[in-house]
Every structure is written in C-alpha cells, then in structure tokens.
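Structural overview
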Amino acid sequence: MKTNIFPIKLLFVFVLSLSFTACNDYLDILPKGERIPTTLSDFEALLRDEYGTHRLDASNAINLLNDRYQTIANLNYYPLTKANYMWDENANRIELNNSDETMYYASYASISTCNLIIEHAPTATESTDAERNEVIAYAKVLRAINYFYLVNFYAETYQENNAATKNAVPLITNANIGASYQQLTVKGIYDFILNDMQEALPFLKSESPTPLHPNLGTAYAFYARVYLQMSNYTKALEYANLALAENGQLYDWTTYYSENKTQIETPDSYTTTASPTGHYYIENYYFRHGASSYSSTENPISVERKAKFEDGDARAAARWKVRTVGTETYCVSTTRGFFNAGGITTTEVYLIKAECLARSGKYSEAMNELNKVREKRILSEKYVPLTASTEEKAIEYIRRTKDNELILTIIPFADARRYNTETKYARTLSKVVDGQTISLSPASHMWTMPFPMGAIKNPGNGTIIQNVSK
Amino acid sequence: MKKIVAFSIFMIFILFNIDKADAQNNTKSEFTVSGIVTDEDQLPIIGAVISVKRDGKITGGTTTDSDGHYTINARSESDSLIFSYLGYIPRNYIIGGRRVLNVEMRSSITGLDEVVVTGYQTISKERATGSFSKVTSGTLDKQRLSDLNTLLEGQVAGFTGGLLRGTTSMYGTTQPLYVVDGFPIENVRYDAYTGNATEGLPELNMEDIESITVLKDAAATSIYGARAANGVVVIITKKASKGKVQVSFSSTFTFSPYSYYKDGLTNSGDIIDIEREWASNNKSLQGTDAPAYAQRMLDSNIYPTQGITSILNYYTGKISETELEQKLNTLSAQGYSYYNDVEKYAKRNPFYQQYNLSVGKTTDNNMFKASITYRDNKQADRYTDDQSIGVNITNNLEVTKWLKLDIGTYNYYQKQNKQSYDALSPGYKYMPYDVLKNTDGSNYTSLASSRLTKDNYALISDYGLYNMDITPLNELGLNRAKTNSFQNRTYGRLNIAFAEWLNFSSMFQYEYGSDQYSKLSTKDSYAVRSRVNNMASRTNNTTVFNIPYGNIYNTVDFYSKAYTLRQQLNFDKTFGQKHQVTALIGNEVRENKYEISNNTLFNYDPDILSYTLIDAATLAKGVSPFWGGTFYSSDIASRSEVTNRFVSYYGNAAYSYDDKYLFTGSLRWDRSNLWGTASKYQNKPIWSTGLGWNIDKESFMTIGWIDRLKLRTSYGIGGNIAKDKAPYMVAYYSTNANVGGTQGSISSRPNPSLSWEKTTTTNIGIDFALFKNRLSGTIEYYNKYGKDLLSSTMGVPTEGFGYSTYQINNGEMRNRGVEITLSGDIIRTKDFTLNSTLIYGYNKNKVTYVNVEAPVYYLQIDYPTAYPRIGNPYQAIYAYKWAGLSADGLPQVYNEKGDVVSSVPTSLDAIVYAGTTVPVHSGSFSSNIRYKDFDLSFMLIYETGHKMRNTFLPTLGTSYSSAAYSYITNITATNKDIVNRWRTPGDEAHTNIPRIIFAESPFYSSDLYSIYANADINVIDAANLRLSNISLSYSIPRNICQKVFLRNARLQFNIENLFTLAKSDEAKYLLGGYNSPNYVWGLYLNF
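A brief structural summary. Computed from a predicted model, the values in this text were never measured in an experiment. (Residues numbered from 1 in each chain as written. Chains lettered and ligands numbered in written order. Predicted model: local features only at pLDDT ≥ 70, side-chain atom pairs only at ≥ 80, totals over all residues. Heavy atoms only, no water.)

Things to note about the overall build of chain A
In terms of helices and strands, chain A carries 21 helices and 12 strands. Overall, the C-alpha framework of chain A stretches about 115 × 55 × 50 Å when taken along its three principal axes. Here chain A holds 470 residues, and 62% of them are scored as buried. Contacts spanning at least 24 positions in sequence make up 72% of the contacts within chain A whose residues lie at least 6 apart. Total accessible area computed for chain A in this model is approximately 18300 Å², and 51% of it derives from carbon and sulfur atoms. Across chain A, 46 positive and 52 negative side-chain charges occur, with their mean positions spaced 2 Å apart. (Helix = DSSP H or I, 4+ residues; strand = E, 2+ residues; numbered from the N terminus. Buried < 20%, exposed > 50% of the residue type's maximum accessible area, 1.4 Å probe, protein only. Contact = heavy atoms within 4.5 Å. Areas by Shrake-Rupley, 256 points an atom, 1.4 Å probe, with all protein chains shown as cover. Lys, Arg positive; Asp, Glu negative; His and termini not counted. Charge placed at Lys NZ, Arg CZ, Asp CG, Glu CD.)

Listed below in structure tokens is the structure:
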C-alpha cells in the first residue's frame, strides 16, 4: 500500500481539530430575548409584570353584590355568574365553578412571583444588602395583599371568636415545582399577613420606584385595611393616620366633571373620556388592576345601582351613562383607561379612618373625614356636609360612600361580610326579577366563594378542602 | 425517458465488482472495442458509461451515443470493460479476444443492486441492514416537480402527512430531517403570516433531484444522532455523465380553475329563512314595544344584514309588509350572489409556470453541472404572485490521484407579492345575497352607517374622523405585502485518499438566507383609516390624531446563517477476499442562527422616504376615547435572535462475510447549547446495531425463480430534542409601557431533570426479487418505542402556574407497524410494458405511559395531545357521547352517569375516545403503462382508519358583539345541511341537527354549541382515496429528434388531484376534495 506524506500530516490536523472542538465554551451561549434571572434587577423586573403580578379579578364577589350589570345573554352564557347574580342558593357553585377562576389562579401566580423573589433575591448579584432587602420587602407586602384577597373571598370573614377554627386558604411560600403547602385557618392566614408586613416595614421607603412597588404609605394603608377587617378599630385608626401622613391627596372629580361637562351631559353620546384613575392617579398608594390589565372601559352597572349614588356625584356621572341595548336598559361605562380595582387609594383610608372614629363615638370627626371625600365628589351646587349623631347613622353614611367609591372592587364585598356579623349592620339584599322578589340573607352560604375545580382537582403537593358546601 | 446521468459515487462502487473468473493473457498493443448497449427491450441506451479497468484501476472511459453505440480504446486483453448506467445493473466483461461487444443491460429499478446514500456515506443496498426507501428521478418524472412537500406522497411506505412511521414525539420536532448532498438543512425562513421564524423544507432546483432516500429505522438514521428519531430524507442531486456537453430543458404550465365550495353552503334563500325565524322567535318583536325595540336594534346595528335590517324597518313602520315581503323575496332569490361576485371580480384562476435549463459535462478528471430554474406562480388572489429563480452549480475536480475537491453553490432569489385583503373576509358581515358590484356596474361600498352603532357613526362627523366605508373591490389592490428573499448555500469538500482503503474528507457548508418583507398600507385603505381613527383622542375639544393620517410602512428583515463543518475518516478494506470491513469516524460542528427585526413607520412617504415620529409611549398607555384602539410597543419595533449550536462525534462500522452475513453498528454523541447548564444529560450516546443475511447468496439457494432474498434486522436508539425547553429557570423581558423600566415574567421554572428524548426502534425486513426481477418488494415490521418523551404536566394552580403546562421526560409511546412495497412488471415486451407498484403502511400508535390528566373537562377536548390517555393513540379525538335531540330540538349528550343532558358534562368520565387523526392504513397504488412512445401513469393514494372532527357544522355559532355588549348568535352562511334542522316537535326522530337557538331565546346557552360540536356524531370518518396524479406522455420518435439535434424529447400532460373519494361530503370538503384539480402541460427536451 502506497501512502502519501502530505495526507498523513492532514490526518494530524483532523485529530487535533477533533479535540479542539470539544471546547465547552462553544456551547455555553444562551438564548436571547430571555434570560436566567441572576441579578437583583432581573428579579425586580418581575414586579413590573402587571399581568402576572398585579391583577385582582373578584368578578364573582362583584356579581353577588349586583354591583356589575349582567345582560340576560351573559347570565345564560355563564351559569356561575347567574347563580351568584340571581342569589340562587340551590345552585351547586362548586360544580359550576368547574374550571379555572382568575381570582384564584392570578392571585397564586402573583404569590409565586413573590415567593420566587423572597427566595432568590438574597443571593441576587449586582446589588447591595439594602437594595436586596427593599426588593424582598416589596414582595412580602404584595404577597400579604394577595393572601388578604384570597382569604376574604374563599373563606369566612375574620371573627375574633372563631378565626382560629375556620379553615381558610392554602398557604404556599415556595416557588419550586412540587412545593408543599398547607391550608391554614383564617387566623393563621391573618397572622401570616401581619408577620409579612412586620418583616417588610423596616425596609420600605416613602417613595418607591413605581406605583406597582409598595411604599411606606401602601404598607400603612394596607395595615389599616387588615385591622379594620379584623374589627381592630384602634390599630386601624393608628395606621390610617400614618398612611394619610404619607399621602392624603384626593382627586377633585367635580373639576373633571366641569372639564368634560359637554360629553358627560349629552344623553346619547357614549364617547369615552380619558379616566384619571390610572397608575399615577394621585390617590394611589399602590396600583393593581382589576379583571383586565389593559386599557379599557369599566363594567356596566344597573340603573338601580346607579340610583344608590348620591345626587350630584360627579364621579358617577362621569363614569356611567344610561343606555338601552336591545331589550335591556342599563348604565354603560363612559371613561376609558386604567382602573385601580385591586390596589389601595387614599379614599379608602379616609373612609377607614371615618369608620374607626365613628366606632369610638367621635361622630363629627368621622363625618369630617367623610366630607373630605364627598367634597371632591359631589358637585358644589348639590353638596351639603353630612352630620351624624349616632354610630348607626354615621356608619350608614360612611358605608354608602365607601360602597360607591370602591364599587367594582372586592372591598364592598369584604365590608358586607364584616357588617353581616354584626346584627345592627347586617343587611339582606333584595331585588325584583320578573315580578318576583328575591333576596340574599346575611347568613347565606353564598357569601363564601367555592374554590375552582381546577385547583381542587390538581392540588399539587397538598390538599384543599372547600369552605362552602355549594 | 432515459436520463443521461451517471453517478460519481457509482463509479467508485464499480471498483468492487471485478470479475476475476477468466483472466487471460496480456497483449501490449492498443486496440479498440466497440458495440451497442441496449436495455432488456433491445432499445439503445444513450449515455451509458463504459470504463476500462486495468489492474484494479479505471484507466479510461466513454459514453454511448444516441444510437447506444460506443468505441473505446484498450491496451490489454485482460483489461475489463465496465458498463454502467443509472437504474441498471452494472456489467463487467474481460475483453479477451473480443473486439465487438454488444451488451444488454438489466434494469435495477426493481432489483437490489442499488446504492444507499445516507449523507455520511454511500453503501450498497446489498450490504445495508437498515430500512431505506429510495425514490429515483425515473419515478419522479411522472409528476410535476413543484414542491418537496408533495413529492414523496405515496412514494414511500410509512410516509404520510409529512411524518414517517407516525408521531414519535409529543413536544419535540416530528418532521424528518432533510439532507441535501450530504448536509442537513433546516431551512429557517420568515413566515409573514405568523411573524415567526419557521423551519421549512430545503429549497432546491427540483429537476436536479437524482434520488431521494428515506432512512427509516435506527440502523439507517442513528448516524444523524439526536435529530434522527423522526427519520431522515436524503436528497442527492444529478451529476453529468462523461462525454459531450449535455443540455436539458423543460417547461411546465399548470392551470387550476378557481374553486370555492359554495354548493355546501346555505344560499340566500336559506339565510332569509333563518333571518325570518330570528324575527318570528324574537319575543321583543311581538308586543307593543316592538317598534321601539326594532329602532334600537337598528341604531346599534347588532345584526347589520340586509335581511334583518329590512325586517326591523318593517317593525318600525318605515316600510310596509308588502315592501318587506318584496325585499325578502328579492334577497331570497339571489342564490350565491356574493360568492359568484368574488369569483368574478376578486379572484382568478391560478396559473403556474416553471422552466428549467441544465448544462453538464464530465471529463476524465472534472465534472461540471449547472442548472437554472425559473418559476412564475399566480395565485387565486389577484395580487398574490411570486417569481423565483434558482441557480445551482457544482464542480467536482480530481486535483491529483489522491486529492478530490468538490465545490457547489446554490443561489435562490424569490420575489413575492401578497394581497392582504380578502374579499371573503371583507371587514364586515356579508351574506350570500350581498354583492361586490352594484347593478349600475359601480363597485359596492359597505357604508359605515350600516355597520357602526348610531353613536359611533355620529363620532365620525362630530369629531372629524376619517371615513369608515369599505369598498372591497377598491381594497383588493391596496396594502400589498412584498417579500424579497435570497438564499445561498455553498459547500466545499476535500477528499484525501491516504490509501485505496483509507481516506479522509473534510467538508464545510455555509448557508445564508435573507427575507425582506415590506408592507405599505396606503392611506386610502380602510385598514389605515380605521387604525388612525382608533388611536385618535380628544384634547381641549379638538380631535388629536395620535397616529398621523398617512401611509403606514412595516418592514421585517430576517437573516439566517448556518454552517456545518464535518471531518471524517473512511475505511474500506477486504481481507482475504471474504472479510469486508467498512468504517468511519467523524466529528461535526453545526451552528444555526437567525435574527428578525421588525419596524413600522407612520405617515411614510415612499417617494421622499420621510415619516412622522409618533408618541408611542403615550399611545401604549391607551389614549383613545372613541373605539378603544390598543397600541403595543411591538407596533413600533421588535427584534429577536436565536442561535443554536451542536457538536457531534460519530462513528460506524460494518462487516460482511462473503457478502452473505452482514453486521453493522453505529454510535454518536451530540451536545448542544440548547441544554445550557445541564450538560450531564448530553453524554448519552445514540447507537444502533443491525444484522443482515443475503440468503440468495447461499449455495443451498438453488430455487431458480428467486433472484434476491435478504433478511435484515436492526435495533437502536434515535434521539430527539425540543428546542424550546430548558432545565433552568428562564424569564423573558420587555419594556413596561405604563410605569417604565423592564418587566419580566417567568416562562419556565427550574426543571432540572430535562433530557433528550429516546426512541428505540426494532426493525425486521425482508427484501426479495422473484421471476427474473419481475416481482420485487420489501416487507418490514417495526416497533418504535419512545421513552423519556417530553410530556406535559398541568401547572398546579396553587403553585401559581394553573394556566400553564410544563414538560417533563416521562411520556412513553409506541408506534408499531408493517410496511409493504410490491412492484411488478406485469407485462414486459418491446412495445408494451405495464408495471404496478403497491405501497402499504400500517401504523398503530399507542401512548403507554403519561402522568397527566386534564385538570378540567374541556381541556381534554380542546387539547387532546396535551392530555393523552394511556392506551389510546397520541393524536386522539375526544368527544361526548351523543344522545340525540331533545323534544325541544336541543342537542343532548350523555354525562358520566349515563344521564341525558343538554348542558356540558363537566366530568372527564363523560368524555370518550372517538378515534385517531393519524391514518392507520395508508399507501398508494400506481401503475405505469407504456405503449411504444406513449406512457400513461397514475397514482392513487389512500388513507383509512382515522377520524376527523367535523368543523363544518350545520349550526350557527356564537360571537361577541361589542354593540350588544354580549354574545349573540352569529347568523351567517354555514353548512347547507342546516335546512334539515329540527323545526317542529317530532323532528328529533329523524334529524340530529339541532334547532337554531338565537341569543334572544331563553334556551340560549354557550353549552348548546359546545356539546353539539364536541359530540361523537361530529367525529367523522376521514378515510379517503385520492387520484393524486395521472400523466400521459409522448416521447417524440428518435428520427424526428435527430433532425433537430435532440437526444430525446417528451411531451407530458398531467392532472393532479383529479378526484377524492371520502365517506361524507363534510369529510371530502375538509380534506380539500372539492378543490379543483391542477392541469399540467410539460415539455422536456434533452440535447
């Protein structure tokens, strides 16, 4: 066999190149457009994800209160909506809630993001300890807010005498696949919330980077809300004052009204005006979307519901206008933009403060706080300052304004459940449908929502027990 | 028919066919040998290669002329002459005393003396142990060579719907890997329709295809490693044969009449009937409030059709009952007016032209070939067309005895125009009675006032917005998208022979592709007017157009780059005459990269190239008070970039004893960047082994009618990857338009146990040829068992991932099947031949293990492949059990307890398996009949044993109406069978078509449509038989050809997809059986 010298040399080149290409660096390139989070800002960016982290879809609570108008077609289309909206106590809502429910899914998605940050931020790179602690504090406040909504939707309301025995919602604190969790009691969840807040508070500042990042005002306001829900009026008042010291601004809707007077007052024109209630609404401590996270209009409300607003309420006049579509007449939304349906605003804190004052017998001080809000809402020609001489009257006024101001959020539902535990404030809802009067009693099981079947049937590493029989 | 081609690889192969039986004395003087080479029918073979071989080396060669005649010089009587021609069995003769040597060559098309090209090596089929199917240019000649996708249809047993031997992966790629001239090609292109990069079939000049080899089992494919589990399709292009310059020209014209299956749709009369029913069932039109209700419905234009508008006009008193009747009767009589107008004014008959010219010449140490293909396609949409030109040049040079250099380049340029407006979805609701041309001949305009709600319409004049009318026939030519594409593929290959039995090859291929997409939306178009209006806002009582009124120009630049570098050492030696060993080892490095950048300019002036800056940041926050337009940051620009890298080491070896007993083995490691940090999963090799036995070579095999008989078996592992899965936590990032900064979200959580998918294949095959090769075929059995398949697991809602699924390697799936290929020369005489080929493939797929259950009932129905059920095929259809219509005409199904219900059963137990979407039996029957100069061939393709969900339902769906603020019944043209719907009690006894429930009815519910659409009665048999191609060709007689210097010439007429037979009209429609056939005229010349 004759061989050539030159090709033999090439053979060496071949062998050499074989070993050269084994170099691992060649394969260590990572995909673009996505990233393995490592730096603190990689994790912090998760807090700016509005769809994933800042949504609250309390639709079924809003339906139960009849705060949102539902067309007949919609009711036919969504049986669960119909059961809640029509107060059908016989309906098996566990069966009707047969797939996902954004309330549950989006809240736990947000919790998972918070858990991830709380776990990974301590080792995140390119940051100082102070920066890491601040990001962790944001995540803890947001996690607490999520658990507050969940416990006030899927479990019975907090009552000092039985909170330790009532089952609440699953508590999960780890973002790994297959993380274990436990369904705690109502008290357990509240304790967890308060603990998270306590751990977060030292690291929060008066100013945060965006309205999606909780600042000190958010924490105080949320504390006030939590303590109010626990009927701890002293603590609630204390935090309400702290929150208002951080931000006490109120938006003047009467000015908005006069700026958009023509549009608002033209009866058949449904052109929307830009809503001021977006991310940088001056009343915001913290901004969180409702059911939709994009720029949109609000849900319609019924004519009866609109009648419950005070005469001359500029905010209501700017938001809805009566309209007949097909056979149905109701009030459609006339402002467009973003709506803080899941965050916390100064209005709520003023009204928490008012209630706490009223509960401690300071009626005129309570009315003062209420009137601060009303002044910015009721057109000057209709505005009369309210006074009250009893707790009941004061609460009635405060509750009316709070129900209206926070309509289409979960707060009126949470408040109603709280009032339902007090004989003097418990209310039976009633309405006339096709000539029949139907009602919802304060003691009804319907005030607690069933977990969605998607969560029950795919529980992961834990078990979930329904808190309501149907 | 005879293609003048020879294969260089073929030539090398001849080396092993030395007949040493009758060696004779040597003589030193040079002399000539001449003769005629013919085929079995005594017809001369043109371009057959005759080589002289002395001392085991080729020393010269020639080719036969147009009469099949040759003359060649020889120096010794012990020299041998080797006659070879593609598709024929090579023949060897020691010259001896002969000076005239006439040779009759036998066809190998049905024989087994073929070579198999795996892309890494070329081996004789006789020595292969793997499963290969080969399609040669002779077979491909029967059809129009338009695209690779349809080329293999019916040609390869087990190949159906672009998949080979069923689906072997749940989340990974399921398409086979395509390899052209030795290089894998993942032609990534920009898809303007989805806006993404998609992997397509390789681009090449189809007429250049010499052969396509499909590698099916592990022994055949494992050399391709981690991408081989789905099979490999190896394409080899033609080379020129030795002799004078060869020139070929061909052209085809394809005509396809425009067709739209309107006959299956409701006509005007049926629609008017439904609209009348809407009115008569509507309680609101019955009381005293009727006029007010009718007026409100008119004001909000919830049902903006002529029929319902007329009815409502009657209720408001605008027209009398007689006028209404007159109007409805007129509309009713319009038949398919809209569809007829579409055909007449908006569409055309598609027409495709294709020209190919190729030139080639081979000398003793150089082979050159160039081809050019030009295509001009005009589609049914009047402004959709494309032109392309492909230039392919290859040159193989023998630099020295031991060094060969091959270079080749393929360049492809394509220009496409795409009409973006379709008259069949014109931007408003149309009915069969509508028109595109008015009676006076002017173009029909859909007025904004007829579609928008009264107050939205008022905005146009109140706030000075732009007109919202739509004139479809004017819109047709506007906003056309253009794509200019360029692709280049260049390779070089160096082959160094150290010794006759050892050589080294190094090859490099670089691919470059660019697609430049642009769309100029002109300001006259409805799309621009609507966009500008939707993004307008009010400030200080003036209307602000946040998007300036003007042209909108969108461009996308896409670039792809890829290279492959391969180095390989080949060994081939026979020891002691009986022990033959071939082996190779090699290494391959591959990178694919692509980039997309997308930009939009507003108020663009195409002449002075200017545009207006817009305030995108504000727009993205949502500014429009009018119709709620939305604006995303990607409406300005977006970018993406992907790089994949692979490094592989591989080797294989084959041993054969006396050409009787064969043993092969193959091993490969792959590593890629796709698995990032988790390299521990990359070290698993992919391997295979195979055994073969050429029984016919045994001395005891003396049965005369058996020409070939071979038994082979193989076992091995193929891999597969899912490119978008990673074992580590990945987040993707974008800009937050509302609060600023970067927002991120987790796209996959840490999933550290991810690895390659592994598919084990066992293959047993028998190859045979009987009765002088008149009947030949292959029978194979395979069992492909996929393990560690990525299968989905539903995210746990409480863990925060309730809407998403993630993948883990825990699926197991089996594909078992039998493949039979039978080919017979039924008649074989000089003037008349008839041969037929029957291809049959049986595939049974079964999911044997998954650990997932649909968390919610409807996911089982909507995403069956995400939630496979053990024991069923992977591509299953799940349905409710139909329980007939209720006494009220409502659809009913059985729930999990066996009760009859009219609502959606929410238990998984109520959902039953209703069939697989993948054919269980598939194949083809083709025949070729030649009588003198005429050739008639056809191919029938069949598929049975599978089902499809009927989506062409005789019922009305539901759609959201923003005017009604709710869901309404979508009254529109639908399956004509709706005329047989339930109308009166008792009808339920003889119809399964539910009554129409309008949104205004108390019965109305989303469930009704769901249970009907998802009931098992709407899972229909998809069995079909299709005459995919029929061709008649006429070869112009030789004496006429010679007068015009032609070697041969052929005229051919084809009809593609002449008919489809299916079990039902719906199945036929959904299978495309009502599309009109293509008529093809072709001319093929060889000089």
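Some remarks on the sheet that holds strand S14 (residues 183-184) of chain B
Two pairing modes exist for strands in a sheet, parallel and antiparallel, and in both the strands are linked by backbone hydrogen bonds. Residues and elements named next belong to chain B. If you trace the 5 strands from one edge of the open sheet to the other, you get S10-S17-S18-S13-S14, paired in mixed fashion. Each edge of the open sheet is held by one strand with a lone partner, namely strand S10 (132-136) and S14. When S10 meets strand S17 (residues 209-215), the two strands line up antiparallel, connected through 5 bridges. Its bridge partner lying in S17, serine 133 is registered against valine 214. (Pairing = 2+ DSSP bridges.)

Description of the sheet that holds strand S6 (residues 91-94) of chain B
All names here are of chain B. Spatially, S3-S2-S5-S6 is the arrangement adopted by the 4 strands of the open sheet, whose pairing is antiparallel. Taken across any chain shown, the strands that pair with only one partner, and hence form the sheet edges, are strand S3 (57-63) and S6. For this sheet, the mean inter-axis angle between neighbouring strands, taken without regard to orientation, is 25°. Pairing of strand S2 (residues 49-54) with S3, which is carried by 6 bridges, proceeds in the antiparallel orientation. In the sheet register, serine 51 faces S3, and the bridge partner there is glycine 61. (Axes fitted to C-alpha atoms, helices over the stretch in contact; angles between N-to-C directions.)

Some words on the pairing of strand S29 (residues 579-605) of chain B
All names here are of chain B. In the sheet, strand S28 (residues 552-575) pairs with S29 via 24 bridges, with the strands oriented antiparallel. The residue of S29 that forms the bridge with leucine 565 is valine 589. Counting the residues between successive antiparallel strands, the hairpin from S28 to S29 contains 3 residues, one of them, glycine 576, with a positive phi of roughly 50°. Bridge count for S29 against strand S31 (residues 637-657) is 21 bridges, and the pairing is antiparallel. Counterpart to asparagine 592 in the pairing with S31 is asparagine 644. Where S29 folds back onto strand S30 (residues 610-612) in an antiparallel hairpin, the turn is made up of 4 residues, including leucine 609, whose phi is positive at roughly 60°.

Observations regarding unusual backbone geometry
With a phi angle near 50°, A:Trp87 is a residue other than glycine that sits in the positive phi range. Along the polypeptide, A:Trp87 turns up in the loop between helix H6 (79-85) and helix H7 (93-96). Since its relative accessible area comes to 7%, A:Trp87 is described here as buried. The phi dihedral of B:Lys932 falls on the positive side, at around 50°, and the residue is not glycine. Take B:Lys932: it is sitting in the loop between strand S46 (921-931) and strand S47 (934-944).

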